[in-house]
Amino acid sequence: MGIFAKPDLDIDWQEYSNCLGVDPDLFFPERGASTREAKDVCRACVVRADCLEFALQNGEKFGIWGGMSERERRRIRRQRALERAAAAAETG
Ligand code: SF4
């Protein structure tokens with residue numbers, strides 16, 4: 001599927017993705033449009049965790065990845081940054 005078109009990254013997991021052959025537009029809904037259908041596809045996906053981590057590591061700003069919206073991924077990134085800062089403060 002076209003949403004994974006980044007070179008030089010470990011993307012073997014993509015061949016198991018549940019969204020293969022699904023309309024990519026579903027995963028990039030218009031602002032304010034429902035994300036439910038895309039999330040339903042992700043829910044049954046065996047590589048959901050890999051997909052989410054890929055998006056987090058690569059700062060994917062748009063679309064549904066690993067069953068999460070941009071806003072949900074931002075929350076995870078913020079949380080991880082806080083945890084890193086706390087860990088650094090502990091060891092610092
Ligand atoms: S989690 Fe969703 S977007 Fe990611 S590979 Fe699976 S079905 Fe596709």
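See the structure printed just above.
Residues numbered from 1 in each chain as written. Predicted model: local features only at pLDDT ≥ 70, side-chain atom pairs only at ≥ 80, totals over all residues.

### With respect to the overall build of the protein
From N to C terminus, the protein includes three helices and zero strands. For the protein, the sequential pattern of α-helices and β-strands runs α-α-α. Principal-axis analysis of the C-alpha atoms places the extent of the protein at approximately 50 × 30 × 20 Å. A burial count over the protein gives 16% of its 92 residues as buried. (Helix = DSSP H or I, 4+ residues; strand = E, 2+ residues; numbered from the N terminus. Buried ≥ 20, exposed ≤ 12 C-beta atoms within 10 Å, placed from the backbone.)

### With respect to helix α2 (residues 48-57)
Note on helix geometry: an α-helix contains 3.6 residues per turn, so any two residues three or four positions apart are oriented the same way. If you check which residues of α2 are buried, you get Cys-51, Leu-52, Phe-54 and Ala-55. The arc enclosing the buried residues of α2, seen along the axis, measures out at 160°, which places them on a common side. Along α2, the residues that are exposed and aim more than 90 degrees away from the buried face are Ala-49 and Gln-57. On its buried side, α2 packs onto α3 (70-91). (Arc of directions from axis to C-beta. Contact = placed C-beta atoms within 7 Å.)

In short, the description is geometric, and any link to function would need to be established separately.
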